[in-house]
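Residue strings, one per chain:
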Amino acid sequence: MFTNCSLGHCHIVIAVILWSICVDSRKIRGISLSYKRFYRERKSFLCIDGSKMIPFDQVNDDYCDCMDGSDEPGTAACPNGRFYCTNLGYRSHYIPSSRVNDGICDCCDASDEYRSQTPCQNTCRNLGQRERAEVEGQTRVLGERLRLKQLLIEEGVLTWREKQAQLRDLQRVSDDLQTQLDDLRKEEARRKEEADSLREREIGARDTADNSPTSPYRPESPISVFKELDSNRDGSITVDEVQAKLSPVQDEEHALSEDEAVALLGGAHRVDLSRFEETLWTSLRTGDSVTIKGRRGVPGSLADEDPNIKAAVSAAEKAAADLKRVEDAYETVYMEIRDLREKLSIDYGSEREFLFLHDQCFQLKFIFALCLSLFFLAVCFRKWGSWAGPPENPYCQMRYESGEPCWQGPTRNTMVMLICGTETALRSVKEPSKCQYVMELQTPVSCQPALRQRGIHSEL
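Bear in mind the structure is a predicted one, so any value in this text is a computation, not a measurement.

Moving on: the state of the cysteines. Taken as a whole and assessed by the stated rule, the structure comprises five disulfides. Between the sulfur atoms of cysteine 47 and its disulfide partner cysteine 66 the distance amounts to 1.9 Å. Measuring the twist about the S-S bond at about -75°, one finds the cysteine 47-cysteine 66 disulfide to be left-handed. Of this pair, cysteine 47 sits in the loop between β1 (44-46) and β2 (53-55) while cysteine 66 sits in the loop between β2 and β3 (82-85), and the two are 19 residues apart along the sequence. Considered together, cysteine 47 and cysteine 66 belong to a single accessibility category, that of buried residues. Across the disulfide, cysteine 105 is cross-linked to cysteine 120 (sulfur-sulfur distance 1.7 Å). Taking the sign of the S-S torsion, -85° for the link of cysteine 105 and cysteine 120, the bridge is left-handed.

And the structure:
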């Protein structure tokens, strides 16, 4: 009983071993896992292109039967065939079937030289370890670059919010100043109208004074003014006396020059009363060029005597000065708002849009401008043009346009190519055509989160 069981057990073991050897001998070389379904052992084999049916034992028989070479994946029989290197532990890939058993090790697992006399070593494990180390190093570097990018983004967002707060404050100040301007314009117009009304009364009072000897508004006579100006009482007025007693209407602190005084005296250096009435008295009566120092208006006019006129004129002048001051302040605030809007590129709109653009290298314009501040190419750029990258990554290139014109050539334009890097630096500048520049700018802001893996196997 024991002997019979032992013999039966041995027969089963031998059968399993023979079946394993048979199956292994029929293992189809040179195909990937995705193609194994086409090579299941059966009585016939259908070429993958569907062009022909052949017996299955003609697969990998070193004779090309299928036009697409699919019956010889593990030999060099078909000129258009390809052999699949499994390369366990490294990257799988295809090689032309003509390289199978050619004496050169093309697959790192040596599977392409299975009948060759060349002693190929399996180097996939070492290659995989080396490449994984490189990828890990690249991942660490990329992580550091993305960290720097995030710092730049956070700094930019903080600056943007601060500038937005400044812009809101300036806008409030602008609105307040606009309200003040409206009020002051009304006040200035009212004061001016009041002063003009009093001046019209002055003119009417002067006309009345000319016709009424007993009117209290009778203006001074030329004799009284002549005597006032004749300091030494010698019966004449000299250039020195004119300079001492008179001043320009627009600036009483300014002294008349000798030429100005001579012109007021009709070209003479000394005049008597009759000549005074023909020259200087006329200028004093019109009141548009000179006046007696310390007095307002024409001698003998209501502006000298009526305090209401003086107050109205003073109020109108003060209102005009206040209006000018607020207008200057408003203009300053307006310019600050305009400059701040340009710096913020506020046309991008909301903070959400701003954050999105930041994540898509929005800060690059600022960084690039910083680089240019240390470079001679400031003349090459006049204004920002647009993002100019391909549709799948439009923020990897920047276009600057309308720079300084070249001598007998076009205006300067520049294309800035953005590459990922730990530091922000201008790597290269080229001029492929006249006045057309291409720059390469390295910056962490251009780094993308995903590092493409290259199909490395993890089976180790």
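On we go from here.
Further remarks concern helix α3 (residues 222-229). Among the residues of α3, Pro222, Val225, Phe226 and Leu229 are the ones counted as buried. Projected down its long axis, α3 shows its buried positions confined to an angular sector of 105°, all on one face.

With respect to the helices and strands, the residue serine 70 is situated in the loop between β2 and β3. Serine 70 sits in the buried class, given a relative accessible area of 7%. A polar contact of 3.2 Å, which involves the side chain of serine 70, links it to the backbone nitrogen of isoleucine 48. What serine 70 contacts, discounting residues up to four positions off in sequence, is Tyr39, Phe45, Cys47 and Ile48.

Here we take up the pairing of strand β12 (residues 425-433). When β12 meets strand β13 (residues 436-443), the two strands line up antiparallel, connected through six bridges. In the sheet register, serine 433 faces β13, and the bridge partner there is glutamine 436.

A few words now on the pairing of strand β11 (residues 413-420). Both strand β10 (residues 397-401) and β11 contribute to a ladder of four bridges, which runs antiparallel. Bridge pairing in β11 places methionine 398 opposite valine 416. Alignment of β11 against β13, held across eight bridges, turns out to be parallel. Pairing of methionine 415 across the sheet is with valine 438, part of β13.

Rules of the game
- Residues numbered from 1 in each chain as written.
- Predicted model: local features only at pLDDT ≥ 70, side-chain atom pairs only at ≥ 80, totals over all residues.
- Heavy atoms only, no water.
- Disulfide = S-S within 2.5 Å.
- Helix = DSSP H or I, 4+ residues; strand = E, 2+ residues; numbered from the N terminus.
- Buried < 20%, exposed > 50% of the residue type's maximum accessible area, 1.4 Å probe, protein only.
- Arc of directions from axis to C-beta.
- Polar contact = N/O pair within 3.5 Å; in protein donor to acceptor, adjacent residues only side chain to side chain.
- Contact = heavy atoms within 4.5 Å.
- Pairing = 2+ DSSP bridges.

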